[in-house]
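# An overview of the molecular structure
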Amino acid sequence: MSLPNSTLTVNDRQIEFPVKEGTIGPSVVDISKLYAQTGQFTYDPGFTSTAACESKITYIDGDKGVLLYRGYPIEQLAEHGDFLETCYLLLFGELPTAAQKADFDYRVTRHTMVHDQMNRFFQGFRRDAHPMAIMVACVGALSAFYHDSTDINDEKQRMIASMRMIAKMPTLAAMAYKYSIGQPFVYPKNDLDYTSNFLRMCFAVPCEEYEANPVLARALDRIFILHADHEQNASTSTVRLAGSSGANPFACIAAGIACLWGPAHGGANEAALKMLEEIGRPERVGEYVAKAKDKNDPFRLMGFGHRVYKNYDPRARIMQKTTHEVLAELGIKDDPLLDVAMELEQIALKDEYFIEKKLYPNIDFYSGITLKAMGFPTSMFTVLFALARTVGWISQWAEMIEDPSQKIGRPRQLYTGAPQREYVAVSQRG
Ligand code: SDX
């Protein structure tokens, strides 16, 4: 249904702009002709009021705390499905039939090995290199190995590259972890499910048999579902912008990994756990809440707040439940970090500052406690986020490539620098 145009008055001239309505959520004012008609740009640093694209993949209602992947609520997908089913849904738009799921699992499983020369890349890194640095490098380098799937205009090549990315991220992530602890790489096994395979590549050693704990494998698989996609967040927008120039998909995903690394984004899970460790005891929570509220103190509660969610992040609720499940399975009765997190949540949710600014726990608040309990070092937390988000990045990238109206992204600016001036010879400079 078309909505009435929006009118803007510029230099006493009234100009009309079409309004587009989505399936659900806010409509948009199409201002693509604004500059041509007025000589003015819009100004929206951080894109707080800007829809950069049209998409059918993920919908978020920040006020209601709703997250849908292709229309399906995250709570139902996390409860009833597995991560590869979510991957199929995000990539193709529909839940797979049993036959489609079996075929998809089979194809992903048989792309899990990386070219054996990738092993040599790792020898170039220090053992204490941050695994996100390794992931940025190695994922970008995949384009050096797979020349048969870098032509973005070929639908078949796009699909092969997508399957390769989803399949190889766990292998590369496990290699980054093994390298950091000086243990030999473990090859994937085709008779294991996606997440059990990943756990085995991380925690198996040649000296003995390893079998993933099915409760932990299910919990981690659910954590991957929660992290799979999230509309036009910073790293997804990075992937879209990189892809808009025609860059190959491996390079675009490497750009997304680089952006996700930041502590304001995917790096928050690592930062949140470090914050909980620094607080140390529930009795010290009040001191840190006061720091977070102090305008003169740059400290922020990591794992709290969100650009879109002004209500509880639905993923955080599922994450909290998963945390309790994992700790119970591991027989961890009183985890001091969980005690600090629960106390922090209790205090913050009752505090005027957090209520007024609508700051709630986000997905990164509880994930660190769970992953640490599973045996992952803090430095691997954002790597796991990147592993799961790869399917979201690649689905959004493919949607952009297939969009007939797609063109290279090229924002403009408000220039406040020096006006034109003449060059001064160095001998004349004061
Ligand atoms: C992710 O976009 C996505 O979808 C991301 C993500 C995904 O799945 O892709 O959901 C994953 O990145 C989750 C967010 C993880 N980041 C953190 O937990 C880091 C801590 N949170 C903040 O840095 C912050 O809340 C952001 C970055 C998440 C959102 O920042 P905004 O939307 O730009 O909001 P803002 O910085 O303008 O803050 C609004 C106000 C400010 O106070 P005023 O200047 O208005 O007085 O709230 C305050 C901020 O100071 N505030 C906080 C706070 N977060 C915001 N105060 C204390 N602690 C915090 N965590």
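Below is a summary of the structure that appears in this document. (Residues numbered from 1 in each chain as written. Predicted model: local features only at pLDDT ≥ 70, side-chain atom pairs only at ≥ 80, totals over all residues. Heavy atoms only, no water.)

## Points about the sheet that holds strand β1 (residues 3-10)
The 3 strands are arranged β1-β2-β3 in an open sheet whose pairing can be described as antiparallel. Where the open sheet ends on each side, the last strands, each with one partner, are β1 and β3 (28-29). With 2 bridges joining them, strand β2 (residues 13-20) and β3 adopt antiparallel strand pairing. Among the inter-strand pairings, Lys-20 is bridged to a residue of β3, identified as Val-28. (Pairing = 2+ DSSP bridges. Helix = DSSP H or I, 4+ residues; strand = E, 2+ residues; numbered from the N terminus.)

## Notes on the side chain of Asn-197
Relative to the helices and strands, Asn-197 is located in helix α8 (residues 194-203). Setting aside chain neighbours within four positions, we find Asn-197 in contact with Pro-188, Lys-189 and Leu-192. (Contact = heavy atoms within 4.5 Å.)

## Side note on the pairing of strand β5 (residues 66-69)
In this structure, strand β4 (residues 58-61) lies alongside β5, joined through 4 bridges in antiparallel fashion. Within the sheet, the bridge partner assigned to Ile-60 lies in β5 and is Leu-67. Between β4 and β5, which follow one another and run antiparallel, lie 4 residues, and Gly-65 among them has a positive phi close to 65 degrees. In terms of strand pairing, β5 meets strand β6 (residues 72-73) through 2 bridges, oriented antiparallel.

## Details of the nonpolar core
A general trend in soluble globular proteins is that nonpolar side chains are found buried together. Within the largest apolar cluster, 117 residues are counted, with the highest numbers of intra-cluster contacts made by Phe-83, Leu-172, Phe-198, Leu-344 and Phe-376. Per element, the largest residue contribution to this core is 14 residues, and it comes from helix α18 (residues 381-402). Apart from residues no more than four positions distant in its own chain, Phe-83 is found in contact with Tyr-194, Asp-221, Phe-224, Ile-225, Ala-228, Ala-388 and Val-391. (Core = buried A, V, L, I, M, F, W, Y, C linked by side-chain atoms within 4.5 Å. Buried < 20%, exposed > 50% of the residue type's maximum accessible area, 1.4 Å probe, protein only.)

## Some points on unusual backbone geometry
Backbone geometry places Phe-47, a non-glycine residue, at a positive phi of 55 degrees. Along the polypeptide, Phe-47 turns up in the loop between α1 (34-38) and β4. If you check the backbone angles, Lys-358 has positive phi at about 55 degrees while not being a glycine. Along the chain, Lys-358 falls in the loop between α16 (352-356) and α17 (364-374).

## Some thoughts on the packing of helix α7 (residues 155-180) against α8
Their axes nearest at 8 Å, the elements α7 and α8 cross at an angle of 20 degrees. In terms of orientation, α7 and α8 fall into the roughly parallel class. Between α7 and α8 the crossing geometry is right-handed. Each of Ile-166, Pro-170, Thr-171, Ala-173, Ala-174, Tyr-177 and Lys-178 in α7 lies in contact with α8, whose residues at this interface are Tyr-194, Phe-198, Met-201, Cys-202 and Phe-203. When grouped by side-chain class, the residues that make up the contact of α7 with α8 number 10 nonpolar, 1 polar and 1 charged. (Axes fitted to C-alpha atoms, helices over the stretch in contact; angles between N-to-C directions. Parallel < 35°, antiparallel > 145°, perpendicular 65-115°, else oblique. Left-handed = near helix turned anticlockwise from the far one by under 90°. Nonpolar A, V, L, I, M, F, W, Y, C, P; charged D, E, K, R; others polar.)

## Notes on the site of the ligand
Lining the immediate surroundings of the ligand are 24 residues, of which His-230, Lys-295, His-306, Arg-315 and Arg-389 lie closest. Within the side chain of His-265, one N or O atom sits 3.0 Å away from an oxygen atom of the ligand. Note that an oxygen atom of the ligand is positioned 2.9 Å from one of the side-chain N or O atoms of Arg-300. Coverage of the ligand by the protein chains reaches 77% of its 1,100 Å² of free accessible surface. Of the residues belonging to the shell around the ligand, the class tally is 10 nonpolar, 7 polar and 7 charged. (Near = heavy atom within 4 Å. Polar contact = N/O pair within 3.5 Å; in protein donor to acceptor, adjacent residues only side chain to side chain. Areas by Shrake-Rupley, 256 points an atom, 1.4 Å probe, with all protein chains shown as cover.)

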